Amino acid sequence: MKTVSVTASRNYNILIDSGLLPQLGAQVAALGNIQTVALVSETNVYPLYGKQVEDSLRRAGLNVVSFVFPAGESSKNAHVYLELVNFLAKNRLTRTDALVALGGGVVGDLTGFAAATYLRGIRFVQVPTTLLAAVDSSVGGKTAIDLEVGKNLVGAFWQPSLVLCDTDTLDTLPREIFLDGCAEVIKYAILYDGDFFHYLASTGPGFDKAYVIERCVTMKRDVVARDEFDTGERRLLNLGHTVGHGVEAKSNFTLSHGKSVAIGTAIIARSAVNYQLLSQECAIKIENLLREFCLPVRTQDSAKELASFALSDKKRTGDTVSLVVPRAIGRCEILTTPVEELENFIQAGL
Ligand code: NAD
Ligand code: GLY
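Not measured: the values here are computed from a predicted model.

Novice: I would appreciate a short explanation of the pattern of salt bridges in the present structure.
Specialist: Between side chains of opposite charge, a pair can form when the charged atoms approach closely. A full pass over the atoms with the stated rule returns 21 salt bridges. Residue Arg291 is joined to Glu287 by a salt bridge in which the shortest nitrogen-to-oxygen separation is 3.2 Å. Linking Arg291 with Glu287, this pair stays in helix α11 (residues 280–292), spanning 4 residues, or about one helical turn. Under the relative-accessibility criterion, Arg291 is labelled partly exposed at 45%. Taking relative accessible area as the criterion, Glu287 reaches 10% and is therefore assigned buried. One salt bridge connects Glu333 with Arg327, and the closest N-O pair in it is separated by 3.0 Å. For Glu333, a relative accessible area of 29% gives the class partly exposed. The partly exposed category is assigned to Arg327, whose relative accessible area is 26%. Look at the salt bridges and you will find they share partners, linking Glu73, Lys76, Asp109 and Asp146 into a network.

Novice: Got a minute to help me understand the pairing of strand β5 (residues 98–103) in this structure?
Specialist: Along a regular strand, successive side chains alternate from one face of the sheet to the other. Extensive coverage of β5 is indicated by the burial of 6 of its 6 residues. Residues Ala98, Val100 and Leu102 line one face of β5 and the alternating positions Leu99, Ala101 and Gly103 line the opposite face, and both faces are buried. Relative to β5, strand β3 (residues 36–42) runs parallel, the two sharing 4 bridges. Along β5, the bridge assignment pairs Leu39 with Val100. Bridge count between β5 and strand β6 (residues 123–128): 6 bridges; the pairing is parallel.

Novice: Where do I start with the environment of Asp17 in this structure?
Specialist: Its location among the elements puts Asp17 in strand β2 (residues 12–17). Using a relative accessible area of 26% as the deciding quantity, one classes Asp17 as partly exposed. Through-space distance from the C-alpha of Asp17 to that of Arg316 is 38 Å; in sequence the pair is 299 residues apart. When neighbours within four sequence positions are excluded, Asp17 is seen to be in contact with Met1, Cys165, Asp166 and Thr167.

Novice: Can you help me understand the sheet that holds β6 in this one?
Specialist: The 7 strands lie next to each other as β1-β2-β9-β6-β5-β3-β4, forming an open sheet whose pairing is mixed. Only two strands of the sheet have a single neighbouring strand rather than two, namely β1 (2–6) and β4 (63–69). Averaged over all neighbouring strand pairs, the angle between strand axes comes to 15 degrees, with direction disregarded. Judged from the 2 bridges that link them, β6 and strand β9 (residues 162–166) form a sheet pairing that is parallel.

Novice: Hey, could you run me through helix α9 (residues 241–250) in this one?
Specialist: By the criterion of burial, α9 is predominantly enclosed, with 9 of the 10 residues buried. Of the residues making up α9, those classed as buried are His241, Thr242, Val243, Gly244, His245, Gly246, Val247, Glu248 and Ala249. Tucked inside the fold, the buried residues of α9 contact α6 (175–192), α10 (257–274), α12 (303–311), β11 (320–328) and α13 (339–347). Positive backbone phi, at 55 degrees, marks Asn252, one or two positions downstream of α9.

About the criteria used
- Residues numbered from 1 in each chain as written.
- Chains lettered and ligands numbered in written order.
- Predicted model: local features only at pLDDT ≥ 70, side-chain atom pairs only at ≥ 80, totals over all residues.
- Heavy atoms only, no water.
- Salt bridge = Lys/Arg side-chain N within 4 Å of Asp/Glu carboxyl O.
- Helix = DSSP H or I, 4+ residues; strand = E, 2+ residues; numbered from the N terminus.
- Buried < 20%, exposed > 50% of the residue type's maximum accessible area, 1.4 Å probe, protein only.
- Pairing = 2+ DSSP bridges.
- Contact = heavy atoms within 4.5 Å.
- Axes fitted to C-alpha atoms, helices over the stretch in contact; angles between N-to-C directions.

Have a look at this one:
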């Protein structure tokens, strides 16, 4: 088993291995002083792994109540959030009890926000079952729900008490959803690690999952330790996301998050070449790696449309927007760009 330790406002371990789910109960009980666990999951994941998780928790002597909501981003809203916290109250969970989030980023974000706010905060455990959740959303304590106006507009920083990642759960992921998560894996390589980038280029999507998850969460762990509350360096993790958000929103969310981020990353890389911030050779390598993972690198959307959607994103601050720009494979920087320059910057990369 691989263990990555996170140091933040709450310290915790990330455990990564195949066959870990049966150990979940013992690991949760070891957090101490827990009587009841509320298992939170959704309608695709619960039928696959819910019973195994409940059995493991009960074997460890824990009382288990389960809350299962309809799968999908459309459930990450205030209505389901209120149903969940009411469920916790009706089942009399106390401050020393805990929630377990079994699922992808939707389950993790919603459960984390409920944990951050129920009784002004109780512990929660992340059990990520998508690649995106394993390498990104389960670590670092960003929790949120969506509003009609936009995604993730209500939330809190609330670190989990444990992340347990059983890599076997990724075997049931539809291929498209697995490849979506690969866009975030590639993001870490471009941000921090040229050797890791070349490893991914050599394996393609057939990479060693435990190794890749460990590398990604170690990179995320390091940045979270330096900037837990996202005021500085952590914003680098938005590589590809500002323009990607524009592509995703313009498609009315019919294009997946991973594909949108891939297009956003490729656009920024090509712009960086035109602004003489990145070599052509590096931009070509980035595009080729995205293509190797069957991810798109072009869009038909205009720079004007993309800039307008990107500016409604929460990454805007006053009259500027922070763009994450690659300077080399394994090194990026934040470019504070005036709002009126964004369209030109995007145009340069279309
Ligand atoms: P998701 O949770 O909707 O999962 C994607 C799909 O995979 C769903 O249909 C789900 O039912 C299915 N699924 C999940 N695990 C499965 C399994 N093991 N086998 C079969 N099917 C499975 O989406 P996601 O891509 O995991 O996460 C996206 C969410 O994460 C968004 O809401 C995004 O805002 C959030 N996010 C949060 C952070 C953060 O730091 N908190 C970071 C990135 C993304
Ligand atoms: N996924 C971006 C972050 O955690 O900051």
